[in-house]
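# Descriptive analysis of the structure
So you can see what is in the structure, the chains are spelled out below.
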Amino acid sequence: MMRDMSASVQWMRIGYIALLVFLLSATVFAYDELSDDALRSIPSGADDFDVKNGSLLSPILIPRVPGTPGSVATQRHFADFFSRHLPKWKLDRHHTTAKTPATGDTDVPFVNLIFSRDPPWAQAGDVRRLTLVAHYDSLYRPEGFIGATDSAAPCAVLMHVARSIDDALTRKWKAMEASGDAGMGLEEETGVQIVFLDGEEAWVSWTATDSLYGARALAESWDSELHPAASAYRTPLDSISLFLLLDLLGDTNPHVPSYFLRSHWAYQGMAKIEGRMRKLGLLKSKPQNPFLPESEKQVSKFSQAYIQDDHVPFMVRGVNVLHIIPTPFPDTWHTMDDDGEHLDIETLDDWAKIVTAFAAEWLGLDAFMSQPSTEGKRDAVRDRSEL
């Protein structure tokens with residue numbers, strides 16, 4: 001009897017959670033899906049992902065152990081890219097140091113780089129930000145390890161996303177200003193930030209203290225940093241609408257599960273984008289199954305298990321996380337074969353298109369990705385505001 005009652009209570013809880021997820025999904029998906037024209041306008045990054053000469057990826061295909069010249073060179077690559085090509089994005093560097101089991105009493109420097117772009121009229125504490133994340137460090141051992149999927153390629157994808165949505169953000173916000181909608185409170189102030197985290201990898205073996213050095217420090221800092229009292233969001237952590245973490249991308253036939261019930265609606269949105277882009281012939285890879293195959297995952301199939309990664313220090317503080325990491329991991333994981341030569345560039349380019357489309361949809365850029373007339377852009381903003 002106690003067992004039956006426990007099962008009934010458990011199913012009642014599952015039903016209640018399902019109802020909450022449904023209601024949350026209905027609210028979140030109030031934004032418009034991208035049109036087919038907008039999806040067709042999502043650019044390819046294939047040339048920039050060339051492992052020998054690609055402007056985004058090739059400079060990162062070096063050892064990037066924290067505190068080494070390779071790490072500094074990678075930081076410079078990110079900063080130079082944004083300053084030259086995306087000057088409207090703001091760069092913040094978050095510095096921390098820590099001792100590691102491999103370095104004894106020596107403090108190792110870790111540097112997180114945060115590139116953000118907000119509506120020009122909005123105060124920082126009033127902006128809800130889509131947060132796109134990858135780690136850029138590589139393993140300490142084996143010496144010379146590159147980490148192409150882990151995580152040079154995801155970093156290059158995020159650079160591509162930023163460049164691909166930048167003009168559309170400008171057009172949207174200029175249209176809002178021209179129509180008088182800017183700062184009127186008719187819709188949530190929404191921005192975007194791209195976070196390159198340092199120190200994800202363990203130096204000796206994965207433990208709670210030998211891993212996630214940059215993520216742990218940044219989550220703690222953002223949780224304690226207070227916005228002005230009248231702000232819409234109390235802390236930078238509260239300002240995160242979704243923490244979208246990319247890891248281990250660039251191998252063929254990736255299988256990315258939906259890990260968290262709370263963010264399953266976002267997973268479904270990305271999976272739908274993948275399906276639509278494949279039907280439109282916009283993706284080049286030919287996987288055996290979709291990259292994101294679990295749109296129909298039932299509530300009862302979710303568990304408390306998850307992969308330890310950079311999202312954990314944020315998730316335990318209440319941040320909503322969408323983790324895009326394949327299971328099983330690539331065969332090259334943590335081996336010397338995780339290099340540029342073992343990447344599948346078509347798969348990587350498809351991920352870049354899918355994530356770009358997801359970000360554009362989240363940020364309400366449909367009318368601005370496909371570059372309609374100025375009048376059409378202004379009308380599109382006003383129409384959404386009046387709903």
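A quick note: this is a predicted structure, and the numbers were derived from the prediction, not measured. (Residues numbered from 1 in each chain as written. Predicted model: local features only at pLDDT ≥ 70, side-chain atom pairs only at ≥ 80, totals over all residues. Heavy atoms only, no water.)

### A closer look at the pairing of strand E2 (residues 107-117)
Consecutive side chains of a regular strand alternate in pointing toward one face of the sheet and then the other. For clarity, the threshold we go by: Throughout, exposure labels follow a simple rule: accessible area from a 1.4 Å probe, protein chains only, divided by the maximum for the residue type, with under 20% read as buried, over 50% as exposed, and the rest as partly exposed. Elements are defined by DSSP. Helices are runs of H or I of four residues or more, strands are runs of E of two residues or more, and each kind is numbered from the N terminus. Strand pairing follows a simple DSSP-based rule, namely that at least 2 bridges must link the two strands.
Of all the 11 residues making up E2, nine are buried; the element is thus mostly covered by neighbouring parts of the structure. Note that strand E1 (residues 90-99) and E2 share 10 bridges and pair antiparallel. Across the sheet, the residue bridging to threonine 97 is proline 109, located in E2. Bridging between E2 and strand E4 (residues 190-197) involves five bridges; their strand directions are antiparallel. The residue bridging isoleucine 114 from the neighbouring strand is valine 195, located in E4.

### With respect to the packing of aromatic side chains
Just so we agree on the cut-off: Only the six-membered ring of Trp is used, alongside the rings of Phe and Tyr, when aromatic pairs are assigned; centres must lie within 6.5 Å, and planes under 30 degrees apart are stacked while those over 60 apart are edge-to-face, with the rest tilted. Consider the ring centre and the ring normal. A charge sits over the ring if Lys NZ or Arg CZ is within 6 Å of that centre and within 35 degrees of that normal.
With the rule as written, the count across this model stands at 16 aromatic pairs. Ring geometry for phenylalanine 260 against tyrosine 306: centres 6.0 Å apart, planes inclined by 55°, an arrangement best described as tilted. Separated by 46 residues along the polypeptide, phenylalanine 260 in the loop between strand E5 (240-246) and helix H6 (264-279) and tyrosine 306 in the loop between H6 and helix H7 (312-315) bring together distant segments of the chain. Assessed through its relative accessible area of 32%, tyrosine 306 is described here as partly exposed. Taking 5.9 Å as the distance between ring centres and 35° as the angle between the ring planes, the aromatic pair formed by phenylalanine 358 and tryptophan 362 counts as tilted. Of this pair, phenylalanine 358 and tryptophan 362 both sit in helix H8 (residues 345-362), separated by four residues, roughly a single helical turn. Taken as a pair, phenylalanine 358 and tryptophan 362 share a single burial class, namely buried. Between arginine 216 and the ring centre of tyrosine 213, over which it is positioned, the NZ or CZ distance is 5.1 Å. Over the ring of phenylalanine 302 we find lysine 297, and its NZ or CZ is 4.4 Å from the ring centre.

### Description of the side chain of serine 116
To keep things clear, this is the line we draw: Whether two residues touch is decided by their heavy atoms; if any such pair falls within 4.5 Å, the residues are in contact.
Looking at where serine 116 falls in the secondary structure, it is placed in strand E2. A relative accessible area of 10% means that serine 116 is categorised as buried. Excluding anything up to four places from it in sequence, serine 116 contacts Lys88, Trp89, Lys90, Val192 and Gln193.

### Description of the nonpolar core
Quick reminder of the rule: The term nonpolar core refers to a set of buried residues drawn from Ala, Val, Leu, Ile, Met, Phe, Trp, Tyr and Cys, joined through side-chain atoms within 4.5 Å.
Counting residues in each nonpolar core, the largest one holds 75 residues, and the members touching the most others are Phe196, Ile324 and Phe358. In terms of residue count, the dominant contributor to this core is helix H4 (residues 148-179) (16 residues). Apart from residues no more than four positions distant in its own chain, phenylalanine 196 is found in contact with Phe78, Phe82, Val111, Asn112, Leu113, Phe115, Ala134, Tyr136, Cys155, Leu158 and Met159. Counting 22 residues, the second-largest nonpolar core is a separate cluster that includes Leu197, Phe243, Leu248 and Val312.

### Describing H8
Test applied: What a helix should span is 1.5 Å times the count of its residues minus one.
Here H8 is 18 residues long and its end C-alpha atoms lie 26 Å apart, about the 26 Å a rise of 1.5 Å per residue gives. Following H8 by one or two positions, glycine 364 adopts a phi angle in the positive range, close to 70°.

### Re the confidence of the model for the protein chain
Atom-level detail of predicted coordinates should not be read off regions where pLDDT is low. Short version of the rule: pLDDT gives the predictor's per-residue confidence on a scale running from 0 to 100.
When the pLDDT values of the protein chain are averaged, the result is 90; 87% of them are 70 or greater. In the predicted structure, residues 1-30 sits below a pLDDT of 50 and forms 12 contacts with residues beyond four places in sequence or in another chain.

### With respect to the side chain of lysine 353
Going by this rule: Whenever a nitrogen or oxygen atom comes within 3.5 Å of another N or O atom, the pair is scored as a polar contact, on the condition that within protein one atom can donate a hydrogen and the other can accept it, and that pairs from neighbouring residues in sequence are kept only if both atoms are in side chains.
Looking at where lysine 353 falls in the secondary structure, it is placed in helix H8. Look at lysine 353 and you get buried, because its relative accessible area is 7%. Within polar-contact distance, the side chain of lysine 353 engages the backbone oxygen of leucine 282 at 2.8 Å. Not counting residues up to four positions away in its chain, the partners in contact with lysine 353 are Ile42, Pro43, Ser44, Met277, Leu282 and Leu283.

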